[in-house]
Amino acid sequence: MMQDKINQYTAEISAFEPRSAAETEAFRIKFLGTKGIIKDLFDEFKAVSPEEKRVLGKVLNDFKKLAEEKYQIVKEQFESGDAGADQNLDLSLPGEGFELGSRHPLSLVRREIVEIFKKLGFTVAEGPEIEDDWHNFSALNFPEEHPARDMQDTFFINKDAVNGDIALRTHTSSVQVRMMENGKPPFRAIMPGRVYRNEAISARAHCFFHQVEGLYVDENVSFADLKQTLFYFVQEMYGEGTKVRFRPSYFPFTEPSAEMDISCTICGGTGCPMCKGSGWVEILGCGMVDPNVLENCGIDSQKYTGFAFGMGIERITNLKYEIKDLRLFSENDVRFLKQFQSEVI
Ligand code: DAH
């Protein structure tokens with residue numbers, strides 16, 4: 001008997017959706033009022049047998065809780081003005097505006113770099129940020145005792161007897177190796193990604209940053225191809241008339257190796273703090289892929305030659321937007337980020 005009534009009321013309470021504060025108040029009086037249903041049920045409860053009491057006691061208490069909770073919920077709805085036909089809704093008020101976010105400057109510049117190289121037929125490839133010694137160092141012709149393998153530079157994760165050291169990659173050159181190991185020439189790709197180095201964080205250094213690696217391997221690829229490709233990139237990125245120069249350099253994985261400077265994008269070459277008065281700024285490392293690297297990746301170095309290059313996206317961005325502190329890129333300060341509104345979404 002009592003159980004039936006409770007079931008029926010439970011259904012009624014669950015379905016209850018008041019349209020006004022007045023209906024909510026009527027609900028309270030009906031169920032929770034001093035002469036309400038719950039009061040009646042508790043009176044009725046006094047008369048039931050002790051066996052039934054054991055079961056019904058809990059049922060009744062749960063029911064009371066349900067009614068109270070429901071009342072709290074619907075009451076709050078009207079207090080916060082969430083619903084109800086009788087509210088003071090002013091439909092003529094303007095809607096709430098919302099601000100569009102903006103692309104991160106590094107994403108914008110990475111995209112720009114990708115678009116430029118796509119026009120030359122380069123595809124885009126990626127590789128893992130956690131690398132083994134082979135892909136990050138050995139296959140790239142790093143001698144065993146090369147200082148770049150030292151603990152200061154590399155974040156080691158663990159030592160593995162089979163695969164050697166496992167570390168966060170220190171450069172995107174590791175992706176070159178993966179690409180060549182897993183395919184057949186010709187290769188013409190750029191490989192953007194995040195890299196890690198064990199450096200103290202300052203305006204000019206960070207423990208993580210971003211690079212774009214480039215690789216072009218085919219028959220008869222020459223240093224002239226490398227120069228023309230990078231020259232084209234610079235004209236597209238920084239405008240026609242930007243000058244380039246190559247200085248001899250050393251990287252274990254290229255021979256010969258060079259670093260490329262461009263005329264300072266900030267002062268145009270007359271000298272400023274960005275170029276330390278020299279009129280030139282370095283933007284990337286490059287060279288002809290060392291035959292050892294080709295052979296390490298299973299490519300016939302008698303038949304194929306190639307060039308490679310690697311640039312830091314932060315550096316390319318700094319020179320475009322005159323940003324002087326690397327830390328701005330990772331601090332998520334909205335005042336900084338929202339200056340980079342772009343048409344591309
Ligand atoms: N991996 C070099 C670095 O992180 C950059 C680099 C230099 C990449 C020359 C290359 C290259 O592919 O040919 O400093």
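Residues numbered from 1 in each chain as written. Predicted model: local features only at pLDDT ≥ 70, side-chain atom pairs only at ≥ 80, totals over all residues. Heavy atoms only, no water.

**Digging into the sheet that holds strand β4 (residues 164-168)**
Strand order in the open sheet formed by three strands is β2-β4-β3, and the pairing between neighbours is antiparallel. Of all the strands in the sheet, just β2 (130-132) and β3 (156-160) have a single pairing partner and so form its edges. Neighbour to neighbour, the strand axes of the sheet diverge by 20° on average, direction disregarded. Pairing geometry for β3 and β4, over four bridges, is antiparallel. Across the sheet, F156 pairs through a bridge with A167, a residue of β4. (Pairing = 2+ DSSP bridges. Helix = DSSP H or I, 4+ residues; strand = E, 2+ residues; numbered from the N terminus. Axes fitted to C-alpha atoms, helices over the stretch in contact; angles between N-to-C directions.)

**As for the UniProt feature "binding site: Mg(2+)" (unreviewed entry) in the protein chain**
Per the UniProt annotation, the sites labelled "binding site: Mg(2+)" (unreviewed entry) are E255. Here E255 shows up in strand β8 (residues 254-263). Excluding residues within four positions of it along the chain, E255 makes contact with M288 and D290. (UniProt positions renumbered as here; feature names shortened; annotations may be inferred. Contact = heavy atoms within 4.5 Å.)

**Notes on the site of the ligand**
Close to the ligand lie 15 residues, the nearest being H171, S173, R197, Q211 and E213. In this structure, an oxygen atom belonging to the ligand sits 3.3 Å away from a side-chain N or O atom of Q176. Out of a free accessible area of 360 Å², the ligand has 89% covered by protein chains. Elements that contribute at least two residues to the shell around the ligand include exactly α7 (173-181), β6 (208-218), β9 (280-289) and β10 (305-312). (Near = heavy atom within 4 Å. Polar contact = N/O pair within 3.5 Å; in protein donor to acceptor, adjacent residues only side chain to side chain. Areas by Shrake-Rupley, 256 points an atom, 1.4 Å probe, with all protein chains shown as cover.)

**Describing the environment of R315**
Along the polypeptide, R315 turns up in helix α10 (residues 313-321). Given a relative accessible area of 32%, R315 falls into the partly exposed group. For R315 and L91, which are 224 residues apart along the polypeptide, the C-alpha to C-alpha distance reads 51 Å. Ignoring sequence-local partners within four residues, the contact set of R315 consists of Y238, V281 and E282. For R315, the side chain forms a polar contact with the main-chain oxygen of E282, separated by 2.7 Å. (Buried < 20%, exposed > 50% of the residue type's maximum accessible area, 1.4 Å probe, protein only.)

**Considering the packing of helix α1 (residues 2-15) against helix α4 (residues 50-79)**
When two helices pack together, their arrangement is captured by the angle between the axes and the distance separating the axes. As a packed pair, α1 and α4 sit with axes 11 Å apart at the nearest point and diverge in direction by 20°. As far as their axial angle goes, α4 and α1 are roughly parallel. Both α1 and α4 take part in a crossing whose hand is left-handed. From α1, M2, Q3, I6, Y9, T10, I13 and S14 reach across to α4, where they touch L56, V59, L60, F63, L66, A67 and K70. Looking at the contact of α1 with α4, its residues break down into ten nonpolar, three polar and one charged. (Parallel < 35°, antiparallel > 145°, perpendicular 65-115°, else oblique. Left-handed = near helix turned anticlockwise from the far one by under 90°. Nonpolar A, V, L, I, M, F, W, Y, C, P; charged D, E, K, R; others polar.)

**Some words on the domain arrangement of the protein chain**
On domain assignment, one finds that the protein chain holds domain 1 (2-80) and domain 2 (105-340). If you average the C-alpha positions of domain 1 and of domain 2, the two centres end up 70 Å apart. (Domains from an automatic or database assignment.)

**Observations regarding unusual backbone geometry**
Geometrically, the link from P185 to P186 is a cis peptide bond, its omega value of 5° lying close to zero. Among the structural elements, P186 can be located in the loop between α7 and β5 (187-196). Following E255, the chain continues into P256 via a peptide bond in cis, with omega recorded as 0°. Backbone geometry at N141 places phi at a positive 75°, although glycine is not the residue there. Mapping N141 onto the fold places it in the loop between α6 (133-136) and β3. Positioned with a positive phi, N220 is a non-glycine residue whose angle comes to about 65°. Following the sequence through the fold, N220 ends up in the loop between β6 and α8 (223-238). Judged by relative accessible area, N220 falls into the exposed class, the value being 71%.

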